[in-house]
Amino acid sequence: MERNDRGFRGRVPKYLAIYRVLAERVEAGHYEPGTPLPAQRELVEEFDVSLMTVRQALQALEADGLLETRHGVGTFVRRPSFSYGLTGLRSLSQELVEQGIELSTEVLAASVVPAPADVAGRLGLPADAPVLAVERLRGTSTGPLVLQTSYLPAAVGARIDVDALGGRSLYRLLEELGTPVRRASETIRAVALTDAEAASLDRSPGSPALLSCRLSRGDDDVPLVDDRALLVGDGTVITAERAVTGTDFSYGHVTRGPER
């Protein structure tokens, strides 16, 4: 291993020098997000240090959000994260643009189906009423973050250009059609990914995720969209700014969730 300019000279602790080398490799893309690091024994041989020193370096990298340890599996490069505000009516794409993150969208499926009972109830429709169901996979260059299914009443869905959803916000399309979203209610709860969900999100079955359920309404409080968004649990955090005047909540994406 090269020891020049790596901190091995002088009095820099060896674990910190290893930290710097590995951090540079992660930032340069030598170790890609979501991929495992070499085994600790391999790092011991490469850096010619003790196992304890390697573990100190890995612990420091994990504490700084560059790595994550999956017990019984190994140490992996953490994927990047995003922040998503719970206040206001901004779409996920708007949230990410403000953070300098480019979001990609893949429309996995779009069809008119009988509304599931809970969806019909939330949209104020008769049982089995036709709705447009659109499933989208949202992510960045580092991998998928959100698996989202949006249900729209058939009368509204018939006006939506589904192909445009690959690069446009559903909220924006609704606004251009003269049916803008005026308010929304949202609940979030922790879930475990099913086999199919995990495959889409490039995670292991049973991995933690956050399920966001949002009902968006238009003029006269008419329901427009019933959204179900699965946000990867290892890439999303929720933060709160508290003050005497109130509390602002937001999602946060940790380094390793939905445009509406």
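Anyway, here's the lowdown on the structure attached to this text. In this text the structure is predicted, and so the values were computed from the model without any measurement. (Residues numbered from 1 in each chain as written. Predicted model: local features only at pLDDT ≥ 70, side-chain atom pairs only at ≥ 80, totals over all residues. Heavy atoms only, no water.)

**Side note on helix H3 (residues 51-63)**
Since there are 3.6 residues in each turn of an α-helix, residues three or four apart along the chain are aligned in direction. Keep this limit in mind: Counting from the N terminus, the helices are DSSP H or I runs at least four residues long and the strands are E runs at least two residues long. Here the expected length of a helix is defined as 1.5 Å per residue gap, with one fewer gap than residues. Residue exposure (1.4 Å probe, protein chains only): buried if accessible area is under 20% of the type maximum, exposed if over 50%, otherwise partly exposed. To be clear, the arc concerns the directions from the helix axis to the C-beta atoms.
Counted at 1.5 Å a residue, the expected span for H3 with its 13 residues is 18 Å, and the 18 Å between its end C-alpha atoms agrees. Buried within H3 are the following residues: Leu51, Thr53, Val54, Ala57, Leu58 and Leu61. Across the axial projection of H3, the buried residues extend over an arc of 165°, all falling on one side. Looking at H3, the residues exposed on the side facing more than 90 degrees away from the buried face are Met52, Gln59 and Ala63.

**Brief notes about the packing of helix H2 (residues 40-47) against H3**
The condition is simple: For helices, the axis comes from a line fit to the C-alpha atoms of the stretch in contact; other axes are also lines fit to C-alpha atoms, and the angle between any two N-to-C directions lies between 0 and 180 degrees. The scheme is simple: roughly parallel for angles under 35 degrees, roughly antiparallel for over 145, roughly perpendicular for 65 to 115, oblique for anything else. Note on contacts: a residue pair is in contact if any heavy atoms of the two residues lie within 4.5 Å. The nonpolar class holds Ala, Val, Leu, Ile, Met, Phe, Trp, Tyr, Cys and Pro. Asp, Glu, Lys and Arg form the charged class, and all remaining residues, Gly among them, are polar.
It is at 9 Å that the axes of H2 and H3 come closest, and there the two elements cross at 110°. Here H2 lies roughly perpendicular to H3, going by the angle between them. Two secondary-structure elements touch here, H2 through Gln40, Arg41, Leu43 and Val44 and H3 through Leu51, Val54, Arg55 and Leu58. Looking at the contact of H2 with H3 residue by residue, the classes come out as five nonpolar, one polar and two charged.

**Thoughts on the side chain of serine 169**
Here is the rule: What qualifies as a polar contact is a pair of N or O atoms within 3.5 Å, subject to a donor-acceptor requirement within protein and to the restriction that residues adjacent in sequence count only when both atoms come from side chains.
Inspection of the secondary structure assignment puts serine 169 in the loop between helix H6 (154-157) and helix H7 (170-176). At 3.1 Å, the side chain of serine 169 forms a polar contact with the backbone nitrogen of tyrosine 171.

**Focus on the sheet that holds strand S5 (residues 130-140)**
The line we're drawing: Strands qualify as paired when DSSP identifies two bridges or more between them.
Strand order in the open sheet made by the six strands is S4-S5-S6-S9-S8-S7, with antiparallel pairing throughout. Sheet topology places strand S4 (104-114) and strand S7 (183-192) at the edges, where each strand pairs with a single neighbour. Each neighbouring strand pair of the sheet contributes to a mean axis angle of 15°, computed without reference to strand direction.

**Here's the deal with the packing of helix H1 (residues 14-28) against H3**
Packed helices, taken two at a time, are described by their axes: the angle between them and the distance between them. For the record, the criterion: A clockwise turn of the near helix away from the far one marks a right-handed crossing, whereas an anticlockwise turn of less than a right angle marks a left-handed crossing.
Contact pair H1 / H3: the axes reach a minimum separation of 8 Å and the direction vectors enclose 55°. Taken as axis vectors, H1 and H3 run oblique relative to one another. Considering only the axes of H1 and H3, their crossing is right-handed. Taken together, the residues of H3 that come into contact with H1 (itself represented by Lys14, Tyr15, Ile18, Tyr19, Leu22 and Ala23) are Thr53, Gln56, Ala57, Leu58, Ala60 and Leu61. Taken together, the residues of the contact of H1 with H3 break down into nine nonpolar, two polar and one charged.

**Description of the nonpolar core**
As a reminder of what qualifies: Within this scheme, the nonpolar core is defined by two criteria: the residues are buried Ala, Val, Leu, Ile, Met, Phe, Trp, Tyr or Cys, and they are joined through side-chain atoms within 4.5 Å.
Ranked by size, the top nonpolar core spans 20 residues in total, and within it Leu22, Leu37, Phe47, Leu58, Leu61 and Leu67 carry the most contacts. Listing elements by their share of this core, those giving two or more residues are H1, H2 and H3. The element contributing the most residues to this core is H1, with six residues. Apart from residues no more than four positions distant in its own chain, leucine 22 is found in contact with Tyr31, Leu37, Leu43, Phe47, Leu58 and Leu61.

**Structural notes on the pattern of salt bridges**
Our working definition: Basic side-chain nitrogens of Lys or Arg form a salt bridge, by our definition, when they fall within 4 Å of a carboxyl oxygen of Asp or Glu.
What the rule picks out here adds up to nine salt bridges. A salt bridge links arginine 217 to aspartate 221; the shortest N-O distance between them is 4.0 Å. Since its relative accessible area comes to 34%, aspartate 221 is described here as partly exposed. Here the residues in one salt-bridge network are Asp118, Arg122, Asp226 and Arg228, joined through shared partners.

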